[in-house]
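Chains, contacts and geometry: an overview
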Amino acid sequence: MNDLVVKKFIYESREALMELMTFLHTQLDQVNDVILNTQEEYFHYLLKGILF
Amino acid sequence: MKLLSTKTVGGGVGLVAVDLLHKKEKVCKELITYFLKHYRKKGISIALLYPFRPDFYKKMGFGYGTKVNQYRIKPESLPKGDSKKNTRFLDEDDREALLECYNRLMDRTSGMIEKSDFALQRIFDQKNRIVAYEKDGKVRGYIIFTFQPTKRIIF
(Lines give C-alpha, C1' and ligand atoms only; values in the text may rest on other atoms or scores of the structure.)
Protein backbone atom coordinates (compact mmCIF):
# COMPACT_ATOMS: atom_id res chain seq x y z
CA MET A 1 0.00 0.00 0.00
CA ASN A 2 0.98 3.60 -0.47
CA ASP A 3 1.12 6.71 1.63
CA LEU A 4 -0.60 9.83 0.41
CA VAL A 5 1.78 12.79 0.67
CA VAL A 6 0.11 16.18 0.84
CA LYS A 7 2.37 18.84 -0.67
CA LYS A 8 -0.02 21.75 -0.39
CA PHE A 9 -3.31 22.20 1.44
CA ILE A 10 -5.13 25.47 0.84
CA TYR A 11 -8.61 26.36 2.04
CA GLU A 12 -10.59 29.57 2.20
CA SER A 13 -13.49 28.34 4.31
CA ARG A 14 -14.48 25.72 6.84
CA GLU A 15 -16.67 24.03 4.18
CA ALA A 16 -13.68 23.69 1.86
CA LEU A 17 -11.54 22.26 4.67
CA MET A 18 -14.21 19.71 5.64
CA GLU A 19 -14.92 18.48 2.12
CA LEU A 20 -11.22 18.09 1.38
CA MET A 21 -10.75 16.24 4.69
CA THR A 22 -13.67 14.00 3.79
CA PHE A 23 -12.01 13.28 0.44
CA LEU A 24 -8.81 12.22 2.26
CA HIS A 25 -10.78 10.16 4.80
CA THR A 26 -12.45 8.18 2.03
CA GLN A 27 -9.06 6.99 0.69
CA LEU A 28 -8.75 4.70 3.74
CA ASP A 29 -9.07 1.44 1.81
CA GLN A 30 -6.00 2.11 -0.34
CA VAL A 31 -3.83 4.46 1.70
CA ASN A 32 -1.73 3.54 4.73
CA ASP A 33 -0.97 6.99 6.05
CA VAL A 34 -1.61 10.57 5.04
CA ILE A 35 1.57 12.61 5.50
CA LEU A 36 1.29 16.34 5.79
CA ASN A 37 3.30 19.33 6.95
CA THR A 38 1.47 22.17 8.61
CA GLN A 39 2.16 25.40 10.46
CA GLU A 40 -1.29 25.14 12.03
CA GLU A 41 -0.50 24.78 15.73
CA TYR A 42 -3.91 23.32 16.62
CA PHE A 43 -4.22 20.88 13.74
CA HIS A 44 -4.31 17.87 16.10
CA TYR A 45 -7.71 18.95 17.43
CA LEU A 46 -9.17 17.90 14.06
CA LEU A 47 -8.05 14.30 14.48
CA LYS A 48 -9.85 11.45 16.19
CA GLY A 49 -8.91 8.00 17.42
CA ILE A 50 -5.22 8.82 17.80
CA LEU A 51 -3.21 6.64 20.15
CA PHE A 52 0.06 8.02 21.48
CA MET B 1 4.77 38.75 -0.35
CA LYS B 2 2.25 39.72 2.31
CA LEU B 3 3.85 41.38 5.30
CA LEU B 4 1.35 42.22 8.03
CA SER B 5 -1.30 44.27 6.22
CA THR B 6 0.73 45.30 3.17
CA LYS B 7 2.15 43.65 0.11
CA THR B 8 5.87 44.12 -0.32
CA VAL B 9 8.79 42.71 -2.27
CA GLY B 10 11.05 40.28 -0.43
CA GLY B 11 14.50 39.16 -1.51
CA GLY B 12 15.04 35.42 -1.67
CA VAL B 13 17.82 32.94 -2.17
CA GLY B 14 16.91 29.46 -3.37
CA LEU B 15 20.18 27.59 -3.16
CA VAL B 16 23.79 28.07 -2.10
CA ALA B 17 26.55 25.59 -2.92
CA VAL B 18 30.24 25.52 -2.02
CA ASP B 19 32.92 23.63 -3.92
CA LEU B 20 34.10 20.65 -1.86
CA LEU B 21 37.69 21.91 -2.12
CA HIS B 22 36.71 25.25 -0.58
CA LYS B 23 34.65 24.21 2.41
CA LYS B 24 35.23 26.02 5.70
CA GLU B 25 36.65 29.08 3.96
CA LYS B 26 33.63 31.26 4.68
CA VAL B 27 32.44 31.09 1.06
CA CYS B 28 28.80 30.67 2.07
CA LYS B 29 29.00 33.61 4.44
CA GLU B 30 30.34 35.72 1.57
CA LEU B 31 27.54 34.60 -0.74
CA ILE B 32 24.83 35.40 1.80
CA THR B 33 26.42 38.74 2.70
CA TYR B 34 26.40 39.67 -0.99
CA PHE B 35 22.77 38.56 -1.31
CA LEU B 36 21.71 40.73 1.66
CA LYS B 37 23.66 43.77 0.41
CA HIS B 38 22.18 43.34 -3.06
CA TYR B 39 18.61 43.61 -1.77
CA ARG B 40 19.42 46.28 0.80
CA LYS B 41 20.79 48.46 -2.01
CA LYS B 42 17.49 48.05 -3.86
CA GLY B 43 15.63 49.27 -0.78
CA ILE B 44 14.03 45.90 -0.09
CA SER B 45 13.57 45.46 3.62
CA ILE B 46 13.03 41.72 4.06
CA ALA B 47 15.03 38.69 2.92
CA LEU B 48 13.94 35.06 3.10
CA LEU B 49 15.47 31.64 2.75
CA TYR B 50 14.80 28.04 3.70
CA PRO B 51 17.85 27.07 5.76
CA PHE B 52 19.82 23.86 5.90
CA ARG B 53 21.43 25.02 9.14
CA PRO B 54 19.07 27.43 10.93
CA ASP B 55 21.66 28.44 13.57
CA PHE B 56 24.12 29.58 10.88
CA TYR B 57 21.59 32.01 9.44
CA LYS B 58 20.38 33.06 12.88
CA LYS B 59 23.91 34.30 13.61
CA MET B 60 23.72 36.35 10.42
CA GLY B 61 20.63 38.14 11.64
CA PHE B 62 17.77 36.04 10.26
CA GLY B 63 14.85 35.21 12.47
CA TYR B 64 12.87 31.97 12.52
CA GLY B 65 9.57 31.57 10.72
CA THR B 66 6.58 29.67 12.05
CA LYS B 67 7.34 26.11 13.13
CA VAL B 68 6.21 23.37 10.78
CA ASN B 69 5.00 20.05 12.18
CA GLN B 70 4.84 16.87 10.14
CA TYR B 71 1.93 14.52 10.77
CA ARG B 72 1.56 10.91 9.68
CA ILE B 73 -2.11 10.07 10.06
CA LYS B 74 -4.40 7.17 9.26
CA PRO B 75 -7.01 8.41 6.76
CA GLU B 76 -9.75 7.22 9.13
CA SER B 77 -8.45 9.61 11.83
CA LEU B 78 -9.21 12.61 9.65
CA PRO B 79 -12.64 14.17 10.00
CA LYS B 80 -15.39 12.80 7.79
CA GLY B 81 -18.05 15.34 6.94
CA ASP B 82 -21.44 14.84 5.34
CA SER B 83 -20.32 15.54 1.82
CA LYS B 84 -17.52 15.81 -0.70
CA LYS B 85 -19.83 16.62 -3.58
CA ASN B 86 -18.06 19.88 -4.41
CA THR B 87 -14.67 18.23 -4.93
CA ARG B 88 -13.12 17.50 -8.31
CA PHE B 89 -9.75 16.97 -9.95
CA LEU B 90 -8.00 20.00 -11.41
CA ASP B 91 -5.77 20.01 -14.47
CA GLU B 92 -3.78 22.59 -16.43
CA ASP B 93 -6.95 24.21 -17.74
CA ASP B 94 -7.72 25.24 -14.15
CA ARG B 95 -4.41 26.96 -13.43
CA GLU B 96 -5.98 30.43 -13.38
CA ALA B 97 -8.60 29.34 -10.82
CA LEU B 98 -5.92 27.65 -8.70
CA LEU B 99 -3.73 30.75 -8.76
CA GLU B 100 -6.66 33.01 -7.82
CA CYS B 101 -7.55 30.80 -4.84
CA TYR B 102 -3.94 30.74 -3.60
CA ASN B 103 -3.45 34.47 -4.03
CA ARG B 104 -6.75 35.32 -2.26
CA LEU B 105 -5.50 33.41 0.77
CA MET B 106 -2.04 34.98 0.44
CA ASP B 107 -3.64 38.41 0.47
CA ARG B 108 -5.00 37.83 3.96
CA THR B 109 -2.10 35.83 5.44
CA SER B 110 1.04 37.59 6.64
CA GLY B 111 4.18 35.77 5.52
CA MET B 112 2.71 34.07 2.46
CA ILE B 113 4.44 34.57 -0.85
CA GLU B 114 2.57 35.50 -3.99
CA LYS B 115 2.69 32.80 -6.66
CA SER B 116 3.46 33.54 -10.25
CA ASP B 117 2.16 31.63 -13.23
CA PHE B 118 5.72 30.33 -13.69
CA ALA B 119 5.83 28.83 -10.19
CA LEU B 120 2.54 27.13 -10.91
CA GLN B 121 3.94 25.36 -13.94
CA ARG B 122 6.12 23.19 -11.69
CA ILE B 123 3.02 21.86 -9.96
CA PHE B 124 1.67 20.55 -13.23
CA ASP B 125 5.05 19.31 -14.48
CA GLN B 126 5.47 16.88 -11.61
CA LYS B 127 3.52 13.72 -10.85
CA ASN B 128 1.03 15.57 -8.70
CA ARG B 129 -2.69 15.16 -8.40
CA ILE B 130 -4.82 18.11 -7.45
CA VAL B 131 -8.25 17.84 -5.87
CA ALA B 132 -10.16 21.06 -5.34
CA TYR B 133 -13.24 22.24 -3.53
CA GLU B 134 -15.29 24.36 -5.90
CA LYS B 135 -18.31 26.45 -4.97
CA ASP B 136 -20.33 28.77 -7.23
CA GLY B 137 -17.77 28.33 -10.01
CA LYS B 138 -14.81 29.36 -7.83
CA VAL B 139 -12.03 27.18 -6.43
CA ARG B 140 -12.12 27.79 -2.68
CA GLY B 141 -9.56 25.21 -1.60
CA TYR B 142 -7.33 22.49 -2.95
CA ILE B 143 -4.90 19.70 -2.05
CA ILE B 144 -1.83 18.90 -4.12
CA PHE B 145 -0.71 15.37 -3.37
CA THR B 146 1.18 12.38 -4.59
CA PHE B 147 1.47 8.70 -3.65
CA GLN B 148 4.62 7.03 -2.35
CA PRO B 149 5.30 3.48 -1.17
CA THR B 150 5.01 3.21 2.62
CA LYS B 151 8.39 3.17 4.36
CA ARG B 152 8.23 1.72 7.82
CA ILE B 153 10.66 3.14 10.34
CA ILE B 154 11.39 0.91 13.32
CA PHE B 155 12.47 2.84 16.39
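Keep in mind that this is a model prediction, so the values were computed, not measured.

**Notes on the overall build of chain A**
Secondary structure assignment for chain A yields 1 helix and 2 strands. Mapped in sequence order, the helices and strands of chain A form the string β-α-β. Projected onto the principal axes, the alpha-carbon positions of chain A cover approximately 30 × 25 × 20 Å. For chain A, the proportion of its 52 residues judged to be buried stands at 48%. Within the structure as shown, chain A displays about 3,000 Å² of accessible surface, and the carbon and sulfur contribution to it stands at 52%.

**Considering the interface of chain A and chain B**
On the side of chain B, 47 residues touch chain A, which itself brings 43 residues to the contact. Of all residues in chain A, the largest losses of buried area upon contact with chain B belong to Ile10, Glu12 and Glu19 of chain A, amounting jointly to 18% of the total for that side. At the boundary of chain A and chain B, one finds 5 salt bridges. A salt bridge links Glu12 of chain A to Arg140 of chain B, with the shortest nitrogen-to-oxygen separation between them at 3.1 Å. Between the two partners, chain A and chain B, sit 28 residue pairs in polar contact (both at pLDDT 80 or more). Taken together, the elements giving at least two residues each to the side of chain A that touches chain B come down to β1 (2-11), α1 (14-25) and β2 (31-38) of chain A. Counted by class, the side of chain A that touches chain B contains 22 nonpolar, 12 polar and 9 charged residues.

**Quick notes on the nonpolar core**
Counting residues in each nonpolar core, the largest one holds 20 residues, and the members touching the most others are Leu24, Val34 and Phe43 of chain A together with Ile73, Leu78 and Ile143 of chain B. Mapped by element, the contributors of at least two residues to this core are β1, α1 and β2 of chain A together with β5 (69-73), β7 (129-135) and β8 (138-149) of chain B. Per-element tally for this core: the top contributor is α1 of chain A, with 6 residues. Every residue in contact with Leu78 of chain B, bar those within four places of it in the chain, is listed here: Met21, Leu24, His25, Val34, Phe43, Leu47 and Lys48 of chain A together with Ile73 of chain B.

**Quick look at the side chain of Thr38 of chain A**
Within the secondary structure layout, Thr38 of chain A lies in strand β2. Its relative accessible area of 13% is what places Thr38 of chain A among the buried residues. A distance of 2.9 Å separates the side chain of Thr38 of chain A from the backbone nitrogen of Glu40 of chain A, its partner in a polar contact. Each residue touching Thr38 of chain A, except ones within four places of it in the same chain, is listed here: Phe43 of chain A together with Lys67, Val68, Asn69 and Tyr71 of chain B.

The rules behind these values
Residues numbered from 1 in each chain as written. Chains lettered and ligands numbered in written order. Predicted model: local features only at pLDDT ≥ 70, side-chain atom pairs only at ≥ 80, totals over all residues. Heavy atoms only, no water. Helix = DSSP H or I, 4+ residues; strand = E, 2+ residues; numbered from the N terminus. Buried < 20%, exposed > 50% of the residue type's maximum accessible area, 1.4 Å probe, protein only. Areas by Shrake-Rupley, 256 points an atom, 1.4 Å probe, with all protein chains shown as cover. Contact = heavy atoms within 4.5 Å. Buried area = accessible area lost by both parts, 1.4 Å probe. Salt bridge = Lys/Arg side-chain N within 4 Å of Asp/Glu carboxyl O. Polar contact = N/O pair within 3.5 Å; in protein donor to acceptor, adjacent residues only side chain to side chain. Nonpolar A, V, L, I, M, F, W, Y, C, P; charged D, E, K, R; others polar. Core = buried A, V, L, I, M, F, W, Y, C linked by side-chain atoms within 4.5 Å.

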